[in-house]
Amino acid sequence: MLSPPEPTGTEDPFELFETWFKQAEQSGIVLPESMTVSSVGEDGRPSARVVLLKEYDEKGFVFYTNYGSRKGQELDTHPLACLTFHWNILQRQVRIEGRVERVSHQQSENYFHSRGRGSQVGAWASHQSQVIANREALEQQVSMYKDKFAGGEVPLPEFWGGYRVIPDCIEFWQGKADRLHDRFRYTSDAKGWKVDRLSP
Ligand SMILES: Cc1cc2nc3c(=O)[nH]c(=O)nc-3n(C[C@H](O)[C@H](O)[C@H](O)COP(=O)(O)O)c2cc1C
């Protein structure tokens, strides 16, 4: 069983995340990049959904979505989020908490244009999280946008793009026998990251 290093007070959580993420990619887990994004509504009601991690580095963890969706509205109102990964074969969980910001327009452009044309048209056709009458209504929107952009590039919709979660707390959980799991919580302040071992 793979284990995180013992906390010394100097470890870099991004390095550990990268190690674990690569091991998850190599483990055969389907969609190791899927993660639950939790947000909070104006009334304090929490909500969560799965999205795909598309980029990560020391600046944060990025996913793409419709800015008008429920999550988009909640994150714009309360720009704090929690991301959760569960890599079951490895008995691992990672929880990432922090402030949220939209990525730059250029970064969203770059990612949008790397997607297949079908997904680009789909982004235009879906008013994500809105009520629609039936499947046909969605398919009509798809045909309409296919025609509209026929023969040219599909532009980035202004209501679509990335969010970056800038972590100030990352917890790594490694399952162990007898429920005596290892938990390492990294928290950041002006001086940098510190790590604590938490009771399972
Ligand atoms: C495996 C998986 C990956 C998904 N990836 C994304 C994604 O990257 N972006 C996205 O907007 N929705 C993604 N979804 C759909 C979301 O879970 C969700 O239904 C949608 O974003 C609307 O959420 P909201 O109404 O809470 O805003 C994914 C769903 C699954 C099951």
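Since the structure is predicted, the reported quantities are computational estimates derived from the model, not experimental observations.

Chemist: What is the right way to read the UniProt feature "domain: Pyridoxamine 5'-phosphate oxidase N-terminal" (unreviewed entry) in the chain from this model?
Modeler: Under the local residue numbering, the UniProt record ascribes the feature "domain: Pyridoxamine 5'-phosphate oxidase N-terminal" (unreviewed entry) to residues 31-142. Between the end C-alpha atoms of residues 31-142 the distance is 26 Å, and the span holds 31% helix and 38% strand.

Chemist: What should I look at first to understand the UniProt feature "binding site: substrate" (unreviewed entry) in the chain in this one?
Modeler: Residues given the UniProt feature "binding site: substrate" (unreviewed entry) here are Lys 54, Tyr 111, Arg 115, Ser 119, Arg 179, Leu 180 and His 181. Annotated residues spanning 128 residues; largest pairwise C-alpha distance 43.9 Å, indicating distribution over more than one region. With respect to the helices and strands, Lys 54 occurs in the loop between β2 (46-52) and β3 (55-57). Residues within four places of Lys 54 in sequence aside, it is in contact with Val 62, Tyr 64 and Tyr 111. Within the secondary structure, Arg 115 is located in the loop between α3 (105-114) and α4 (117-125). Taking relative accessible area as the criterion, Arg 115 reaches 25% and is therefore assigned partly exposed. Once residues lying within four places of it in the same chain are set aside, the contact partners of Arg 115 are Gln 120, Ala 123 and Trp 160.

Chemist: Which parts of the structure should I look at to understand α3?
Modeler: Since there are 3.6 residues in each turn of an α-helix, residues three or four apart along the chain are aligned in direction. Within α3, the full set of buried residues consists of Ser 108, Tyr 111 and Phe 112. The buried side chains of α3 occupy one side of the element, clustering within an arc of 100° when seen end-on. The inward-facing, buried residues of α3 abut β3, β4 (60-66), α4 and β7 (160-174).

Chemist: Teacher, can you tell me more about the packing of α4 against helix α5 (residues 135-148) here?
Modeler: To describe two helices that pack against each other, one gives the angle between their axes and the distance between the axes. Closest axis-to-axis distance for the α4/α5 pair is 9 Å, and the angle between their directions is 120°. Taken together, the axes of α4 and α5 lie oblique to each other. Relative to α5, the crossing made by α4 is right-handed. Across the interface between the two elements, Val 121, Trp 124 and Ala 125 from α4 touch Leu 138, Gln 141, Val 142, Tyr 145 and Lys 146 from α5. A breakdown of the residues in the contact of α4 with α5 according to their chemical character gives 6 nonpolar, 1 polar and 1 charged.

Chemist: Any chance you could explain the pattern of salt bridges here in plain terms?
Modeler: Side-chain pairing between opposite charges can occur once the charged atoms of the two side chains come close. Across all of its chains, the model carries 14 salt bridges by this definition. For Glu 18, the salt bridge is made with Lys 22, and the minimal N-O distance between the two is 3.0 Å. On the criterion of helical spacing, the pair formed by Glu 18 and Lys 22 is a turn pair, its members being 4 residues apart in helix α1 (residues 13-26). Note on Lys 22: relative accessible area 40%, which makes it partly exposed. Linking Arg 95 and Glu 97 is a salt bridge whose minimum nitrogen-to-oxygen distance equals 3.8 Å. On the basis of relative accessible area, Arg 95 is assigned to the partly exposed category, the value being 34%.

Chemist: Where do I start with the site of the ligand in this structure?
Modeler: What surrounds the ligand is the set Leu 31, Arg 49, Val 50, Val 51, Leu 52, Tyr 64, Thr 65, Ser 69, Arg 70, Lys 71, Gln 128 and Ser 129. Here an oxygen atom of the ligand and a side-chain polar atom of Lys 71 are 2.6 Å apart. One of the side-chain N or O atoms of Ser 129 is found 2.6 Å from an oxygen atom in the ligand. The fraction of the free accessible surface of the ligand (620 Å²) that becomes covered by protein chains is 62%. Every element with two or more residues in the shell around the ligand is listed here: β2, β4 and α2 (70-77).

Rules behind the numbers
- Residues numbered from 1 in each chain as written.
- Predicted model: local features only at pLDDT ≥ 70, side-chain atom pairs only at ≥ 80, totals over all residues.
- Heavy atoms only, no water.
- UniProt positions renumbered as here; feature names shortened; annotations may be inferred.
- Helix = DSSP H or I, 4+ residues; strand = E, 2+ residues; numbered from the N terminus.
- Contact = heavy atoms within 4.5 Å.
- Buried < 20%, exposed > 50% of the residue type's maximum accessible area, 1.4 Å probe, protein only.
- Arc of directions from axis to C-beta.
- Axes fitted to C-alpha atoms, helices over the stretch in contact; angles between N-to-C directions.
- Parallel < 35°, antiparallel > 145°, perpendicular 65-115°, else oblique.
- Left-handed = near helix turned anticlockwise from the far one by under 90°.
- Nonpolar A, V, L, I, M, F, W, Y, C, P; charged D, E, K, R; others polar.
- Salt bridge = Lys/Arg side-chain N within 4 Å of Asp/Glu carboxyl O.
- Near = heavy atom within 4 Å.
- Polar contact = N/O pair within 3.5 Å; in protein donor to acceptor, adjacent residues only side chain to side chain.
- Areas by Shrake-Rupley, 256 points an atom, 1.4 Å probe, with all protein chains shown as cover.

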